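Observations on the three-dimensional arrangement
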Amino acid sequence: MNNFFPLLMPRYFSVIVLSVFVILGAGCAQNSDQREFEQEAYGPPQNYTETSFDGEILSTDEDDWRTSPLYQGLVRIQQPPFPNPVNTSTVIRFNIYVTGVQSVNGIEVFTRYNNGEFSSPLYFDYETLSPGETEIQINPMELGRFNNVESARGLHRIFIFTGNQQMISYGDVLVE
């Protein structure tokens, strides 16, 4: 028995080491994918997913409302913002669906102005989101830097973060 144990040790050790490298490698790939996703998100707004007043999707921008690598399988944009385009007197609504238990520690929604500065939160809930659907409503006037009609008009990128500042999704809304 004493001769048997030293023969197995190198095999167990190699399995453990290999497992650690696989786990670390997967984490690095996911971090790399998340960084790439965020770099794409911070680009200028381009195009938008057009939706009706009732939320029917009329045309899709493939870049809009994707779920970040960190939250794939845990969160999805159930209903993209509608209506889109929107006028300044209509509320923008969209729905986020959480599938994981205690997977989203709060939520914050922002836009980014032309000068690169983020807005104050357009929507926030700092409680852990329960599984199921959460409706978010945004006043389109708040998308403009000065909260007036002139600054609100145009194409705006909306960012969805967790309460821990991890990006979940992003997409563009046109205010007419």
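For the structure itself, look to the data block above.
Residues numbered from 1 in each chain as written. Predicted model: local features only at pLDDT ≥ 70, side-chain atom pairs only at ≥ 80, totals over all residues. Heavy atoms only, no water.

This paragraph deals with the layout of surface pockets. For the largest pocket, the calculated volume is near 260 Å³. Lining the largest pocket are 14 residues, and of these Arg112, Tyr113, Asn114, Leu155 and His156 lie nearest its centre. (1 Å grid on protein atoms, 1.4 Å probe; cavity = no way out; pocket = protein on both sides within 12 Å on 5 of 7 lines; lining within 4 Å. Points joined across faces, edges and corners; volume = space filled by probe spheres on them.)

Let's shift gears to the side chain of Glu108. Here Glu108 is to be found in strand S5 (residues 105-111). Although Glu108 lies buried, it forms no salt bridge, and the closest oppositely charged side chain, Arg112, sits 15 Å away as judged by the N-O distance. At a separation of 2.3 Å, a polar atom in the side chain of Glu108 contacts the side chain of Gln165. When near neighbours in sequence (up to four residues on either side) are disregarded, Glu108 contacts Pro121, Tyr123, Phe124, Tyr126, Phe159, Ile160, Phe161, Thr162 and Gln165. (Helix = DSSP H or I, 4+ residues; strand = E, 2+ residues; numbered from the N terminus. Buried < 20%, exposed > 50% of the residue type's maximum accessible area, 1.4 Å probe, protein only. Lys, Arg positive; Asp, Glu negative; His and termini not counted. Salt bridge = Lys/Arg side-chain N within 4 Å of Asp/Glu carboxyl O. Polar contact = N/O pair within 3.5 Å; in protein donor to acceptor, adjacent residues only side chain to side chain. Contact = heavy atoms within 4.5 Å.)

We now examine the environment of Trp65. Along the polypeptide, Trp65 turns up in the loop between strand S2 (57-59) and strand S3 (75-82). Measuring from C-alpha to C-alpha, the distance between Trp65 and Phe159 comes to 9.3 Å, with 94 residues separating the pair along the chain. Every residue in contact with Trp65, bar those within four places of it in the chain, is listed here: Thr49, Ile77, Pro80, Pro81, Ile158, Ile160, Ser169, Tyr170, Gly171, Asp172 and Val173.

Core analysis: the biggest nonpolar cluster contains 25 residues, and Ile96, Val109, Ile136, Ile138 and Ile160 have the highest contact counts within it. Every element with two or more residues in this core is listed here: S3, strand S4 (92-98), S5, strand S7 (132-138), strand S8 (154-162) and strand S9 (167-175). Top element by residues in this core is S4. It accounts for 4 residues. Beyond its immediate stretch of four places on either side in the chain, Ile138 contacts Val91, Ile92, Phe94, Val109, Leu122 and Ile158. Of all hydrophobic cores here, the second largest spans 7 residues; its members include Phe110, Phe161, Met167 and Tyr170. (Core = buried A, V, L, I, M, F, W, Y, C linked by side-chain atoms within 4.5 Å.)

On to the sheet that holds S4, then. Across the sheet, 3 strands lie side by side as S3-S4-S7; this open sheet has antiparallel pairing. Here the strands that pair on one side only, and so sit at the sheet edges, are S3 and S7. Each strand axis lies, on average, 15° off the axis of its neighbour in the sheet, ignoring direction. Of the pairings in the sheet, the one linking S4 to S7 comprises 7 bridges and is antiparallel in character. Each residue of the ladder has a partner; that of Ile96, found in S7, is Thr134. (Pairing = 2+ DSSP bridges. Axes fitted to C-alpha atoms, helices over the stretch in contact; angles between N-to-C directions.)

Counted by the stated rule, this structure contains 10 aromatic pairs. Taking the centre distance of 5.9 Å and the plane angle of 75° together, the rings of Phe110 and Phe161 count as edge-to-face. Of this pair, Phe110 sits in strand S5 while Phe161 sits in strand S8, placing them 51 residues apart in sequence. For the pair Phe110 and Phe161, a shared accessibility class is recorded, and that class is buried. Seen in terms of ring centroids, Phe118 and Phe161 are 6.3 Å apart; in terms of plane orientation they differ by 75°. Their pairing is edge-to-face. Taken as a pair, Phe118 in the loop between S5 and strand S6 (123-128) and Phe161 in strand S8 lie far apart in primary sequence, 43 residues in all. Accessibility expressed as a relative area gives 33% for Phe118, which makes it partly exposed. With a relative accessible area of 6%, Phe161 lands in the buried category. In textbook terms, an aromatic cluster arises when at least three aromatic residues are bridged by ring pairs, as seen for Tyr42, Phe110, Phe118, Phe159 and Phe161. (Phe/Tyr/Trp six-rings, centres within 6.5 Å; stacked < 30°, edge-to-face > 60°.)

Right, let's talk about the pattern of salt bridges for a bit. With the rule as written, the count across this model stands at 5 salt bridges. Note that Asp172 and Arg157 form a salt bridge whose closest N and O atoms lie 2.7 Å from each other. Within this pair, whereas Asp172 is found in strand S9, its partner Arg157 is found in strand S8, the two being separated by 15 residues in sequence. Here Arg157 falls in the buried class, since its relative accessible area comes to 3%. Connected through shared salt-bridge partners, Glu40, Asp63, Arg66, Arg157 and Asp172 make up one network.

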